[in-house]
Number of protein chains: 2
Amino acid sequence: MRRWALTIALDPKHELPIFLQLANAIADDIRGGRLKAGEALPGTRELAERLSLNRNTVVAGYEELAAEGWVHTRVGGGTFVSPLAPSATHVAQPASDAPTYALSHSGHSPVHAIAPVKAPRPGSLMLGYSLPDTRLFPATELTRAFRRAIAQRGQSLIGYADPCGHHRLREQLANMLRSTRALPASADCLMVTRSLEQGIDLVARMLLSPGDVVAVEGFGYPPAWSVLRLAGSQLMPIPVDEDGLSVDALEDALTHQSIRAVFLTPHHQFPTTAVMSSARRAKLAALALAHRFAIIEDDYDHEFHYVGKPVLPIASGDGRANTIYIGSLSNLLAPGISTGFVLAPPTVFERLAALRAASDPRSDVAMECAIAELFEDGELLRHVRRMQRAYAARRDALADALRRHLGSALRFRIPDGGMGLWARADDAIDIERWSQEGEREGVQFFSATRYDFHQRVQPYLRLGFSFLNETELEEGVRRMARALARTDTRRSPKTSRPASSWHSPA
Amino acid sequence: MRRWALTIALDPKHELPIFLQLANAIADDIRGGRLKAGEALPGTRELAERLSLNRNTVVAGYEELAAEGWVHTRVGGGTFVSPLAPSATHVAQPASDAPTYALSHSGHSPVHAIAPVKAPRPGSLMLGYSLPDTRLFPATELTRAFRRAIAQRGQSLIGYADPCGHHRLREQLANMLRSTRALPASADCLMVTRSLEQGIDLVARMLLSPGDVVAVEGFGYPPAWSVLRLAGSQLMPIPVDEDGLSVDALEDALTHQSIRAVFLTPHHQFPTTAVMSSARRAKLAALALAHRFAIIEDDYDHEFHYVGKPVLPIASGDGRANTIYIGSLSNLLAPGISTGFVLAPPTVFERLAALRAASDPRSDVAMECAIAELFEDGELLRHVRRMQRAYAARRDALADALRRHLGSALRFRIPDGGMGLWARADDAIDIERWSQEGEREGVQFFSATRYDFHQRVQPYLRLGFSFLNETELEEGVRRMARALARTDTRRSPKTSRPASSWHSPA
């Protein structure tokens, strides 16, 4: 062991697994400057001996540190404190560097920008996310495909890339949308985007002028609200219920308010998981054509449907002329592989393509070809099926655990699809306090307040089941139950009245 | 050979190399439907025998087809017609799909959108591009790094990614900018962007409101003009000469016109390659602070400076408070690996970060970590040095060839850096006709008309030297000379009067 004086206290009885205790201790030493950037950590074998641990435990600890960016491994072997570990001090900008120019109003940071998704606290189980489990991510297949893409296609990296994405991937995505979603998809009218949000942004910039009104779901996806606001639009929340967006409420609004666009998630409404009824889809489509507004259909997790055939998108029905369809492969692969897409009728697509060509003309050719290859090899389809099986089982495991450990404290319906479960908490429960107690018990979950357009306190929870496996979900719910027991509830959950059909308050 | 009846005529005397003739013949068969999607091509050995060619020639032909997306190779081996070869027919959108809604004005396709960079015609030598030569691209190193990134950092793919980019890459870029460009760079104030253009777009959206005036270079980079226009700004061209942007002309303009920002490429002015003089930089900085406008400094190819030390960016001098500095690694790696960056003072950066977080919150974590690793290993720096040596040699080779083969037809100064050479053609020469004759001779080059803000006919050419090696440059210039001989020039180039110091007409 070189200059680093080892000061690690490990407690086998502690709730945190040893490898995480080890990782945290080393991270503390880096943060505290006891381990300097570039400094080598002891070899795993050496450290395992000194701490009389299993070597795999040390390896796991180092991997955790690497994943968190504290250390990195070098080709020659050896683990080193990353020169850019989170603690690294930054060159402060001199105060004299305040610019003398003013900024535009459109540049204001959007109201609804929510904190970026953070890593769960080490040792804590995250039920608050509806993120894919990257432990199921086909890393090897993608890496191989990427290597092949660069090897075979080095010349196309030269960058006479189509800003709308490499035609191989566009064709594969169009095929998928035609065959699995009955969409009138053609590669000519399909754009690969960097992210779902970039797709929304391009659509908003093409569609909206300052002051335009966009109808959104009363419970919804705040990041989408932020993007729509960037174009200077005013958002109008419309209530959602068990059949999705209330089209009647929208119709009422239309009597006294002209609306430029409706942004919604009809397939598995976010966050409520409600599947929009066919009747409502048809009526929405008719309204769009009659009142000349655009439907922005966000079908972010279409694949994850576990009951029979998924309902077909609005963009595949009579409303398709006015519908712009956006989606993403991020939930299928990994958020870090953020590949979204936008499908629009030709005249509209032309404008989108021009906007993209001007604002971000490059595309990640190598990655796009790698993903196209996953399609061509059938690997992506196999992956979809694996994920569907895994997530369906996790959905059932979560529902089962909630019933066993939380009794009547939560009422919910098992969703037909999606990556989360929407539950109504007994009125006697203070969800915020429950969530805080949860943090102490080592489980993270959030109330629906963050998904309410007006950010009002809500008796609802969204619990994600895709991020954790069955065992973790079971343990997570146990911890939720322990946390609930610690919150003094005026009435015992057991005696709560059954929750009736619910409505978002928007 | 399976169902495909071979009909390939190869002509050794033809100007096109055999492997390209082969690739074109097969591409024709795919285009003509004689080879169907998914159909297997004969093995390279088999085809080599049937055509009595060297097997490597066939392999090269197949690689060309793969690079152009006509075919792909499968894991098990074998080359197959890509299901999405360029010829693949598309599902036409029914005419009934015309939307009933109107689009916003801001969505208009920008005036200056120029045709996306296309692949050079096979067999033709491209002197019109200033693109990096991806044959020098460290594909193996990057692929390895990418594999390691995914292997080590799978968990960080989960996507609690910082929208401003992975901290490893931000730190490495900040280090580079501090050490090689004396910039007050801190990872906190540096954003990794998807492309140079995305950086400009974010800055423009933060800075500009419709009607704002932005000064640009009279000879310049049309894609940048397009992005700036997206924000609704009015562009005002300012002349450039051998010392870069004419700051005196800008000062005159400021007497009767308030300007919100100046966008310029001071290091190797695009397209003229002029290095902006220190005196002008200092004066521009003073004007910016006094007249409260922002300087958007585009330093797109800083590394490629071949004479002494590069001049330091405006953002590292007294004007830094009002300067937003943007750059890219695309010219260093490959346009397909489009990684740009923006550096701004803290108060400004905050707004940029909020815009990015809303409009495109994801980042390509795996690729960013792979590139960070190239920095950490020192591979990137080695690559920079290799490229500098290679491009300096190519610059000299091009200059030499031009002198030998084109005599006084072109007058130019050898640029201190950059990827292209700016030449004034003799007044007697019709450059457009010359360029057309060039196409027939198998060399592609463009007049400066496309870089003139008003797209007027100009007696200038920009010839790129980074894209081709010395031999290719020599041959390209030979073909230029043959093409020139075919254009009837009223006066012989030999007797042309010497071109004096030039000025852009903006």
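Keep in mind it's a predicted model, so treat the numbers as computed, not measured. (Residues numbered from 1 in each chain as written. Chains lettered and ligands numbered in written order. Predicted model: local features only at pLDDT ≥ 70, side-chain atom pairs only at ≥ 80, totals over all residues. Heavy atoms only, no water.)

Residues and elements named next belong to chain B. Taken as a whole and assessed by the stated rule, the structure comprises 62 salt bridges over all chains. For Glu437, the salt bridge goes to Arg433, with nearest N and O atoms at 3.6 Å. Separated by 4 residues within a single helix, Glu437 and Arg433 lie in helix α13 (residues 431-441), roughly one turn from each other. The buried category is assigned to Glu437, whose relative accessible area is 11%. (Salt bridge = Lys/Arg side-chain N within 4 Å of Asp/Glu carboxyl O. Helix = DSSP H or I, 4+ residues; strand = E, 2+ residues; numbered from the N terminus. Buried < 20%, exposed > 50% of the residue type's maximum accessible area, 1.4 Å probe, protein only.)

Residue and element names in this part refer to chain B. Enumeration according to the criterion identifies 0 disulfides over all chains in this entry. Counting only cysteine sulfurs, Cys164 is the nearest neighbor of Cys189, a cysteine outside any disulfide, at a range of 9.8 Å. With relative accessibility at 6%, the residue Cys189 sits in the buried group. (Disulfide = S-S within 2.5 Å.)

What follows deals with the sheet that holds strand β9 (residues 261-264) of chain A. Residues and elements named next belong to chain A. Pairing within the open sheet is mixed, and its 7 strands lie in the order β4-β12-β11-β10-β9-β5-β6. Sheet topology places β4 (190-193) and β6 (234-238) at the edges, where each strand pairs with a single neighbour. Within this sheet the neighbouring strands show an average axis-to-axis angle of 20°, counted without direction. Relative to β6, strand β5 (residues 213-217) runs parallel, the two sharing 5 bridges. (Pairing = 2+ DSSP bridges. Axes fitted to C-alpha atoms, helices over the stretch in contact; angles between N-to-C directions.)

What follows is about the confidence of the model for chain A. Residue and element names in this part refer to chain A. Averaged over all residues, the pLDDT of chain A equals 84, while 85% of them reach at least 70. Per-element confidence in chain A is highest for β9, whose mean pLDDT is 98, and lowest for helix α4 (residues 139-153), whose mean pLDDT is 76. Under a pLDDT of 50 for its full length, residues 107-113 has, in the predicted model, 19 contacts with residues more than four places off or in other chains. Here residues 490-502 is a poorly scored stretch, pLDDT under 50, and it has 28 contacts once near neighbours within four places are set aside; other chains count. This prediction of the complex comes with two scores: 0.77 for pTM and 0.76 for ipTM. (pLDDT = per-residue confidence, 0-100. Contact = heavy atoms within 4.5 Å.)

All names here are of chain B. Within the element layout of this structure, His267 appears in the loop between β9 (261-264) and α9 (278-291). When its relative accessible area of 3% is taken as the criterion, His267 is described as buried. From its side chain, His267 meets the backbone oxygen of His302 in a polar contact 3.3 Å long. The contact partners of His267, leaving out residues within four places of it in the chain, are Ala274, Val275, Arg281, Asp299, Asp301, His302, His305, Pro310 and Val311. (Polar contact = N/O pair within 3.5 Å; in protein donor to acceptor, adjacent residues only side chain to side chain.)

With that settled, consider the sheet that holds strand β13 (residues 410-412) of chain A. One key point about sheets: their strands pair by backbone hydrogen bonds, in either a parallel or an antiparallel sense. All names here are of chain A. The antiparallel open sheet is built from 3 strands, whose spatial order is β13-β14-β16. Each edge of the open sheet carries a strand with a single partner, namely β13 and β16 (460-464). Here the strands of the sheet are splayed against their neighbours by 40° on average, with no regard to which way each runs. In the sheet, strand β14 (residues 420-425) pairs with β16 via 5 bridges, with the strands oriented antiparallel. Across the sheet, residue Arg424 finds its bridge partner in β16, namely Tyr460. Along the sheet, helix α12 (residues 379-406) contacts β13, β14 and β16; its crossing angle with β13, the most-contacted strand, is approximately 150°.

Looking along a regular strand, one sees the side chains alternate between the two faces of the sheet. Residue and element names in this part refer to chain A. Of all the 5 residues making up strand β10 (residues 294-298), 5 are buried; the element is thus mostly covered by neighbouring parts of the structure. The two faces of β10 match: Ala294, Ile296 and Asp298 on one face and Ile295 and Glu297 on the other face are all buried. In this region the chain leaves β9, passes through helix α9 (residues 278-291) and returns to the parallel neighbour β10; the handedness of that crossover is right-handed. Bridging between β10 and strand β11 (residues 323-328) involves 4 bridges; their strand directions are parallel. Paired with Ile295 across the two strands is Thr323, which belongs to β11. (Right-handed = clockwise from strand over helix to strand, strands pointing away.)

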